[in-house]
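# Overview (structure and organization)
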Amino acid sequence: MTPVSSWKSFGGELAVFDHDSAVCGGSMRFAVYTPPQAKNGPVPVLWYLSGLTCNWSNVMEKSGLQRAASAHGVMIIAPDTSPRGTDVPDDEAYDLGQGAGFYLTATLPPWSQHFRMDEYITSELPALISKRFPADMERQGIFGHSMGGHGALTLHLKHPELYHSVSAFSPIVAPSQVPWGQKAFTAYLGEDRNAWAQYDACALVRACPSKAHILIDQGEADQFLAQELKPELFEQACANAGQTLTLRRQPGYDHSYYFISSFMDDHIAHHADQLG
């Protein structure tokens, strides 16, 4: 693991690292905010998954999360959204390829060699974190934005034993039913919609709701709301499955980090309360 840069912030430290990933077949970069409480022992861990075109820097530089993370004593880890590099397949469009990993394991070439982001986030990177940081891996939560909100919801629902708390900002909740998801799933997984269901939050919650209280914030002025996000589908799926959900529709807010930063403190407090 190679340090890239670091900064002191609200008594803790934000640091960026590169490491070689066997799962993704190349170098990966991630960021960690370690709160000041970690000087006294392991602290709870929150995983933040970013959206299309983003990487670790978007949330760490734009959301203001360090203040609340320091106050609540939680570590926040921001992995990348996909493998990257000259030997990694890519696409000219922003919603496929590098920066658009969709937190799944691709099964079709040319993507299948590198695009295994769910395994990377649930297995390989946590193993590295547990060895090198004062992280309490028995108290993990997960949250994210847009494509990352999709990742947070699906990884929680598939691994509730790992992620005891979950929340999302403007998530893609039904990728099998919207253009972003249909394009990515067809490229990464093929035409078999049964394979898609394992990465669709609506399908997963209908099959096996979790015991967690899910928090979602959605801006009502979001330019992607009607075509790509469709939170009402997840709201109905949760109601039918008995899944506890708080879906807050926020008037006037869009899809940007101005929206995310406005409610970041609420989300960190939500996780801190559930993780103890």
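Here's what I pulled together on the structure shown here. Just so it is clear, the structure is predicted and the values come from calculations on it, not from any experiment.

Under the defined criterion, the tally for this structure stands at nine salt bridges. We note a salt bridge from D95 to K183, for which the minimum N-O separation is 2.7 Å. Within this pair, whereas D95 is found in the loop between β5 (75–79) and α3 (117–132), its partner K183 is found in helix α5 (residues 179–189), the two being separated by 88 residues in sequence. One salt bridge connects R248 with D217, and the closest N-O pair in it is separated by 2.8 Å. Of the two residues, R248 sits in strand β9 (residues 245–250) while D217 sits in strand β8 (residues 214–219), which places them 31 residues apart along the sequence. Since its relative accessible area comes to 26%, R248 is described here as partly exposed. By relative accessible area, which is 0% here, D217 ends up buried.

The topology assignment puts R139 in strand β6 (residues 135–145). Residue R139 is classed as partly exposed on the basis of its relative accessible area of 24%. As for R139 and P160, which are separated by 21 residues in sequence, their C-alpha atoms are 11 Å apart. The residues contacting R139, other than those within four sequence positions of it, are P42, P44, V45, H164, L275 and G276. For R139, the side chain forms a polar contact with the side chain of D136, separated by 2.8 Å. A distance of 2.8 Å separates the side chain of R139 from the backbone oxygen of G276, its partner in a polar contact.

Okay, the layout of surface pockets next. In this structure, the largest pocket encloses a volume near 170 Å³. Lining the largest pocket are G51, L52, C54, Y94, H145, S146, W180, F224, H255, S256 and Y257. Looking at the lining of the largest pocket residue by residue, the class counts come to six nonpolar, five polar and no charged.

Tracing the backbone shows A195 in helix α6 (residues 193–197). With a relative accessible area of 18%, A195 lands in the buried category. C-alpha of A195 to C-alpha of G141: the two residues are 54 residues apart in sequence and 26 Å apart in space.

On to the nonpolar core, then. One finds F30, F102, I129, Y188 and F234 to be the most contacted residues of the largest nonpolar core, which totals 66 residues. When neighbours within four sequence positions are excluded, F102 is seen to be in contact with L52, T81, D95, M147, H150, I172, W180, G181, A184, F185 and Y188. One finds V74, A78, F263 and A272 within the second-largest nonpolar core, a separate group that totals 25 residues.

Before going further, it helps to spend a moment on the environment of S27. Within the secondary structure, S27 is located in strand β3 (residues 26–34). Considering only alpha carbons, one finds S27 and R84, 57 residues apart in sequence, at a separation of 7.6 Å.

For the rest of this paragraph, the subject is the packing of aromatic side chains. On inspection of all chains with the given rule, the structure shows 15 aromatic pairs. Residues F115 and Y188 carry aromatic rings whose centres are separated by 5.5 Å and whose planes lie at 25 degrees to one another, so their mutual orientation is stacked. One end of the pair, F115, is in the loop between β5 and α3; the other, Y188, is in helix α5, with 73 residues separating them in the sequence. Of the two residues, F115 and Y188, both sit in the buried class. An aromatic cluster is defined as three or more aromatic residues linked by ring pairs; in this entry it consists of F102, F185, W196 and Y199.

With respect to topology, nine strands assemble into an open sheet ordered β1-β2-β3-β5-β4-β6-β7-β8-β9, the strand pairing being mixed. Both edges of this open sheet fall to β1 (2–9) and β9, since each of them pairs with a single strand only. Neighbouring strand axes in the sheet, compared pairwise and without regard to direction, differ in orientation by 20 degrees on average. Where β8 meets β9, six bridges bridge the pair, whose relative direction is parallel. Among the inter-strand pairings, I216 is bridged to a residue of β9, identified as L247. Strand contacts of helix α2 (residues 65–72): β1, β2 (12–21), β3 and β5, with the helix running at about 60 degrees to β3, the strand carrying the most contacts.

Criteria and thresholds
- Residues numbered from 1 in each chain as written.
- Predicted model: local features only at pLDDT ≥ 70, side-chain atom pairs only at ≥ 80, totals over all residues.
- Heavy atoms only, no water.
- Salt bridge = Lys/Arg side-chain N within 4 Å of Asp/Glu carboxyl O.
- Helix = DSSP H or I, 4+ residues; strand = E, 2+ residues; numbered from the N terminus.
- Buried < 20%, exposed > 50% of the residue type's maximum accessible area, 1.4 Å probe, protein only.
- Contact = heavy atoms within 4.5 Å.
- Polar contact = N/O pair within 3.5 Å; in protein donor to acceptor, adjacent residues only side chain to side chain.
- 1 Å grid on protein atoms, 1.4 Å probe; cavity = no way out; pocket = protein on both sides within 12 Å on 5 of 7 lines; lining within 4 Å.
- Points joined across faces, edges and corners; volume = space filled by probe spheres on them.
- Nonpolar A, V, L, I, M, F, W, Y, C, P; charged D, E, K, R; others polar.
- Core = buried A, V, L, I, M, F, W, Y, C linked by side-chain atoms within 4.5 Å.
- Phe/Tyr/Trp six-rings, centres within 6.5 Å; stacked < 30°, edge-to-face > 60°.
- Pairing = 2+ DSSP bridges.
- Axes fitted to C-alpha atoms, helices over the stretch in contact; angles between N-to-C directions.

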